[in-house]
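An overview of the molecular structure
Residues per chain, in single letters:
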Amino acid sequence: LAKTTQPISMDSYEGQEVNITCSHNNIATNDYITWYQQFPSQGPRFIIQGYKTKVTNEVASLFIPADRKSSTLSLPRVSLSDTAVYYCLATGGFKTIFGAGTRLFVKA
Amino acid sequence: DAMVIQNPRYQVTQFGKPVTLSCSQTLNHNVMYWYQQKSSQAPKLLFHYYDKDFNNEADTPDNFQSRRPNTSFCFLDIRSPGLGDAAMYLCATSTATAVGPDTQYFGPGTRLTVL
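Residues numbered from 1 in each chain as written. Chains lettered and ligands numbered in written order. Predicted model: local features only at pLDDT ≥ 70, side-chain atom pairs only at ≥ 80, totals over all residues. Heavy atoms only, no water.

Turning to the sheet that holds strand E9 (residues 102-107) of chain A, a few remarks are in order. Backbone-to-backbone hydrogen bonds pair the strands of a sheet. The strands run either parallel or antiparallel. Residue and element names in this part refer to chain A. In spatial order, the strands read E1-E9-E8-E3-E4; together these five strands make up an open sheet with mixed pairing. Where the open sheet ends on each side, the last strands, each with one partner, are strand E1 (9-13) and strand E4 (45-50). In this sheet, neighbouring strand axes are inclined to one another by 25° on average, regardless of whether the strands run parallel or antiparallel. Where E1 meets E9, five bridges bridge the pair, whose relative direction is parallel. (Pairing = 2+ DSSP bridges. Helix = DSSP H or I, 4+ residues; strand = E, 2+ residues; numbered from the N terminus. Axes fitted to C-alpha atoms, helices over the stretch in contact; angles between N-to-C directions.)

Written as structure tokens, this is what we have:
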């Protein structure tokens, strides 16, 4: 299982694009990169998942370079409601290890 | 809507008094997980069921047990809660296999207080 490293916290303003980078130097061939969002007193919510290159859905984009040792979650035009903790995981199968996460604070 | 439900949302127990937390799902997922999340920390996986197969994490204390009587329900039993077991307990489900991507759907959690 690959350990992930993320910035502890980030600040942004409404309407800005936010990029959160995650390092997973020891990622295994079978591991996928998954990002979750968690609000206080709620369970984590799946945001996006990828194996390599770029993945985009209605809420975010995920950029994964060819060596897969890092990934970047991109949140376009954040709003106050995007204030949350964002977790990056590099896992495969049933094993799930959450890293410390990044606390994103969006200001008006 | 298909979902993961946890009851109760808040549970208060006394030191040493057994407590059971429940989780149900309408997603018909074959995998169910239990996590412990302490204040300002990341969720920590306690164990998971793949269908009826129980898989305990190596560092999960024996004080924590689980039951899965059918696909829809899963229970977390804490046999003798200590003050250090006060936490949010999260249930999650997925359709994962042993190898491959795993997208988990989490319930709202049960916050356990130990007096």
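Residue proline 8 of chain B is reached from asparagine 7 of chain B by a cis peptide bond, and omega for that bond is -15°. Structurally, proline 8 of chain B is set in the loop between strand E1 (4-7) and strand E2 (10-13). Of note, the phi angle at serine 41 of chain A is positive, near 60°, even though the residue is not glycine. By the secondary structure assignment, serine 41 of chain A is in the loop between strand E3 (32-38) and E4. One non-glycine residue, serine 40 of chain B, lies in the positive phi region at around 60°. Looking at the element boundaries, serine 40 of chain B is found in the loop between strand E4 (31-37) and strand E5 (44-50).

Before going further, it helps to spend a moment on the pairing of E4 of chain B. All names here are of chain B. With seven of its seven residues buried, E4 lies for the most part within the structure. Burial along E4 is two-sided: Val31, Tyr33, Tyr35 and Gln37 facing one way and Met32, Trp34 and Gln36 facing the other are all buried. Where E4 and E5 come together, six bridges link them in antiparallel fashion. Bridge assignment links methionine 32 to a residue of E5, and that residue is tyrosine 49. (Buried < 20%, exposed > 50% of the residue type's maximum accessible area, 1.4 Å probe, protein only.)

Residues and elements named next belong to chain B. According to the stated counting rule, one finds two disulfides over all chains in the structure shown. Shown here is the disulfide that connects cysteine 23 with cysteine 91, its sulfur atoms set 1.9 Å apart. The S-S bond linking cysteine 23 to cysteine 91 shows a torsion near -70°; that makes this disulfide left-handed. Of this pair, cysteine 23 sits in strand E3 (residues 19-25) while cysteine 91 sits in strand E9 (residues 87-94), and the two are 68 residues apart along the sequence. The exposure classification of cysteine 23 matches that of cysteine 91, with both residues buried. In this structure cysteine 74 is not part of a disulfide, and its nearest cysteine sulfur, from cysteine 91, lies 6.0 Å away. (Disulfide = S-S within 2.5 Å.)

Residues and elements named next belong to chain A. As for its placement among the helices and strands, phenylalanine 105 is situated in strand E9. The exposure class assigned to phenylalanine 105 is partly exposed, which follows from its relative accessible area of 45%. Linking phenylalanine 105 and lysine 69, residues 36 residues apart in sequence, is a C-alpha distance of 26 Å. Those residues in contact with phenylalanine 105 that lie beyond four places of it in its chain are Met10, Asp11, Ser12 and Thr83. (Contact = heavy atoms within 4.5 Å.)

The next thing to look at is empty space enclosed by the protein. One pass over the full model with this rule turns up one cavity of 30 Å³ or more. Its volume calculated, the largest cavity comes out at about 40 Å³. In this structure, the largest cavity is lined by Thr34, Tyr36, Leu89, Thr91 and Thr96 of chain A together with Asp102 and Gln104 of chain B. Elements with a contribution of two residues or more to the lining of the largest cavity: E3 and strand E8 (84-91) of chain A. For the lining of the largest cavity, the residue count by class is two nonpolar, four polar and one charged. (1 Å grid on protein atoms, 1.4 Å probe; cavity = no way out; pocket = protein on both sides within 12 Å on 5 of 7 lines; lining within 4 Å. Points joined across faces, edges and corners; volume = space filled by probe spheres on them. Nonpolar A, V, L, I, M, F, W, Y, C, P; charged D, E, K, R; others polar.)

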